[in-house]
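The residues making up each chain are set out below.
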Amino acid sequence: MRNSAVFKELYECRNVRPSFCTPLGLWGGMLYTGIFYVIFGGKEPWTLKHHGRDSDSLKPAEQAKEIEYPKPDGKLTFDLLSSVALSGTNHEGDQPPHLTLKDDSVPMARNYAVFDGPEQRFCPAGVYEYVPEEVGEGYKLQINAQNCVHCKTCDIKCPSQNINWVVPEGGGGPVYNGM
C-alpha cells in the first residue's frame, strides 16, 4: 500500500485540513497549504494532528441559525433524490442492513432533542429522516438504506456515534459511471 499512487496522494495532502484548525485560522491554513502543498508538494517531514472528532464540532440546535437554501433550479442545482438516482445506487432487497443503530432510543432522546436531528441534514443522500410516529404523537428516525451512497458521513458526523455503518454484501451501492 505504501508504494501505491493512492498512498502518495493522501500523504501529500495529509496536512491540508488540519492546517485550518490552528490559531492562525482560515488565512493561516491557506498560507500553509499554498506553501507546503502547492509549492513543495506536501513533502514536509511532519504531520499535523486533528483536534478531536468531527462529530464533537456539532453545536446544539439552540445555538445554530437555520439555513434557508434556495429551491433547486434543475440547471445548476438539483433535488436530492434526482442526484441519488444519478449515482446508480442499488442495494439488493434481501441483504442484511448495512446501516444500523447501536441504541434505538438515542436518535430521539439525544440527536433530535439536542441537535434537532442532524442526520437528516448531514447525509447527502437523504438516508435518514424523522417521520411522524404511526401511533401517537412524536417522531421516529427512519433509515432509507437503499439510498446510501457509501460516503460514511453518518459514521463520522453523528454526535452520539450511534450509527453503525458496515460494508454491504454483494457489492451493492453506488455505480459511478464514467469514473
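Below is a summary of the structure that appears in this document. (Residues numbered from 1 in each chain as written. Predicted model: local features only at pLDDT ≥ 70, side-chain atom pairs only at ≥ 80, totals over all residues. Heavy atoms only, no water.)

**A short note on the pairing of strand E2 (residues 128-132)**
Going by this rule: Pairing between two strands requires that DSSP report at least two bridges joining them. Every helix listed is a DSSP run of H or I at least four residues long, and every strand listed is a run of E at least two residues long, numbered separately from the N terminus.
Pairing between E2 and strand E3 (residues 139-143): 5 bridges, direction antiparallel. Considered in E3, the bridge of Glu129 is made with Gln142. Where E2 folds back onto E3 in an antiparallel hairpin, the turn is made up of 6 residues, including Gly136, whose phi is positive at roughly 85°.

**A word on the pattern of salt bridges**
Basically, it comes down to this: Any Lys or Arg side-chain nitrogen located within 4 Å of an Asp or Glu carboxyl oxygen qualifies as a salt bridge. The rule is simple: take the accessible area with a 1.4 Å probe, protein chains only, and divide by the maximum for that residue type; under 20% is buried, over 50% is exposed, in between is partly exposed.
Considering all chains together, one arrives at 6 salt bridges under this definition. Across the pair Asp56 and Arg53 runs a salt bridge whose closest N-O atoms are separated by 3.1 Å. For Asp155, the salt bridge is made with Lys152, and the minimal N-O distance between the two is 3.1 Å. Classification of Asp155 as partly exposed rests on a relative accessible area of 26%.

**Some remarks on the packing of aromatic side chains**
Note the threshold: Only Phe, Tyr and Trp rings take part, Trp by its six-membered ring, and two of them pair if their centres are within 6.5 Å. Stacked means planes under 30 degrees apart, edge-to-face means over 60, and tilted covers everything else.
As enumerated under the stated definition, the model contains 6 aromatic pairs in all. Ring centres of Tyr32 and Phe36 lie 4.7 Å apart, and the angle between their planes is 35°; this geometry places the pair in the tilted category. With Tyr32 and Phe36 both in helix H3 (residues 25-39) and 4 residues apart, this pair spans about one turn of that helix. Overall, Tyr32 belongs to the buried group, its relative accessible area being 16%. Exposure remark for Phe36: the relative accessible area of 22% places this residue in the partly exposed category. Ring geometry for Tyr112 against Tyr139: centres 5.9 Å apart, planes inclined by 35°, an arrangement best described as tilted. With a gap of 27 residues between them, Tyr112 in helix H5 (residues 106-115) and Tyr139 in strand E3 connect regions that are remote in the sequence. Judged by relative accessible area, which is 24%, Tyr112 ranks as partly exposed. Through a chain of ring-to-ring contacts, the aromatic side chains of Tyr32, Phe36, Phe40 and Trp46 assemble into a single cluster.

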